[in-house]
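Examining the three-dimensional arrangement
Each chain, written out:
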Amino acid sequence: MRKIKITVPHNINYISEWENFECQIPQGQVIINKKYPGCGLTTWALYNPKVPVVLCVPRIYLAENKTQQLDLDNESYFFFKPSIKSDTQKRKEENESSFQRLRNYLCLQNIFGDNKAPKVIVTYDSLPTIYPHLKNSGIDFLYVVDEHQASFQDYTLKPDVIERVSSLLYSLKRVWYISATPILEKYLDRMEFLNTLPYVELEWPKEKVMYVSVEYKSIESSDRKS
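Residues numbered from 1 in each chain as written. Predicted model: local features only at pLDDT ≥ 70, side-chain atom pairs only at ≥ 80, totals over all residues. Heavy atoms only, no water.

1. Some remarks on the side chain of Asn 95
- Tracing the chain through its elements places Asn 95 in helix α3 (residues 88–111).
- Since its relative accessible area comes to 15%, Asn 95 is described here as buried. (Helix = DSSP H or I, 4+ residues; strand = E, 2+ residues; numbered from the N terminus. Buried < 20%, exposed > 50% of the residue type's maximum accessible area, 1.4 Å probe, protein only.)

2. Some remarks on the sheet that holds strand β7 (residues 175–179)
- Here 8 strands make up an open sheet; going across it, the order is β1-β8-β2-β7-β6-β3-β5-β4 and the pairing parallel. The open sheet has two edge strands, β1 (2–7) and β4 (78–79), and neither has a second partner.
- Contacting β3 (53–57), β4 and β5 (119–123), helix α2 (residues 60–72) runs over the sheet at an angle of about 155° to β5. (Pairing = 2+ DSSP bridges. Contact = heavy atoms within 4.5 Å. Axes fitted to C-alpha atoms, helices over the stretch in contact; angles between N-to-C directions.)

3. So, the pattern of salt bridges
- Throughout the structure, instances matching the rule amount to 11 salt bridges.
- Between Lys 116 and Glu 75 there is a salt bridge, with the nearest N and O atoms lying 3.5 Å from each other. Pair noted here: Lys 116 is in the loop between α3 and β5 and Glu 75 is in the loop between α2 and β4, with a separation of 41 residues, a long-range link.
- If you follow the salt bridges from partner to partner, you end up with Lys 3, Lys 5, Lys 35, Glu 201 and Glu 203 in one network. (Salt bridge = Lys/Arg side-chain N within 4 Å of Asp/Glu carboxyl O.)

4. Considerations on the packing of helix α4 (residues 127–136) against helix α6 (residues 159–170)
- One way to put it is that α4 packs onto α6 with a least axis distance of 10 Å and a crossing angle of 30°. Between α4 and α6, the angle falls in the class roughly parallel. Residue-level inspection shows Leu 127, Pro 128 and Tyr 131 of α4 in contact with α6, the latter providing Arg 164, Val 165, Leu 168 and Leu 169.
- A class-by-class count of the residues in the contact of α4 with α6 yields 6 nonpolar, no polar and 1 charged. (Parallel < 35°, antiparallel > 145°, perpendicular 65-115°, else oblique. Nonpolar A, V, L, I, M, F, W, Y, C, P; charged D, E, K, R; others polar.)

5. Regarding the pairing of β5
- Taking burial as the measure, the 5 residues of β5 include 5 buried ones, the bulk of the element.
- Where burial is concerned, the two faces of β5 agree: the one with Lys 119, Ile 121 and Thr 123 and the one with Val 120 and Val 122 are both buried.
- Across 5 bridges, the pairing between β3 and β5 is parallel. Note that in β5 the partner of Cys 56 across the bridge is Val 122.
- As paired elements, β4 and β5 share 2 bridges and run parallel to each other. For Phe 79, the partnering residue across the bridge sits in β5 and is Ile 121.

6. Digging into α2
- Compared with an ideal rise of 1.5 Å per residue, which puts 13 residues at 18 Å, α2 spans 19 Å between its outermost C-alpha atoms and is within 8% of the ideal.
- Taken together, the buried positions of α2 are Leu 62, Ala 63, Thr 67 and Leu 70. Within α2, the buried residues cover an arc of 135° as seen down the axis, which keeps them to one side. Facing away from the buried surface of α2 by more than 90 degrees, the exposed residues are Tyr 61, Gln 68 and Leu 72.
- In this structure, the buried side of α2 is in contact with α1 (41–47), β3, β4 and β5.
- Positioned one or two residues after α2, Asn 74 has a phi angle of 55°, which is positive. (Expected span 1.5 Å × (residues − 1). Arc of directions from axis to C-beta.)

Below, the structure is given as structure tokens:
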């Protein structure tokens, strides 16, 4: 594994403030250890006006959290949420309607752009479902896989889902696998494909990091007091 350390400039508080941050990262597929949550890397991905991004998240509620902020800021995006209708035909029709809206969104962004690159938000399990439409758009997307460790540590994700998504991601040209709590290097070194990728660590100035002390207190049950 080829490790690369990138020092965050002292004038940068959040990655979203770092102009041309993408130029610091090697081309192709990269693992990025951002070190700390809330550092603004996913915000950079969703708000950067120049880079078309597909943000892949492990769970629906994480996607909804991102869309709420984008709505407040009147930012353009497309969030694919698969139909949960029990009726097969209605589910198919609802999904097809979503596919058409995605195609329309990508087409309009491609033609007019509005000076902003398209942003698509999708959960891991739905990425293979919409990928043909992303591919057919002709847009050179950067795929940002948020909380990458979840693909191996979140047991709510079925093994066949992880296998299908991973196989697709590994075949793509530009992918960032990002996490503040990445998979341990001793495991990454044993994973075919991942062990060949550049491993980028962001080095933050000490004064930019806020440390929180936690005090643990034991709680006595009511049974013990009586």
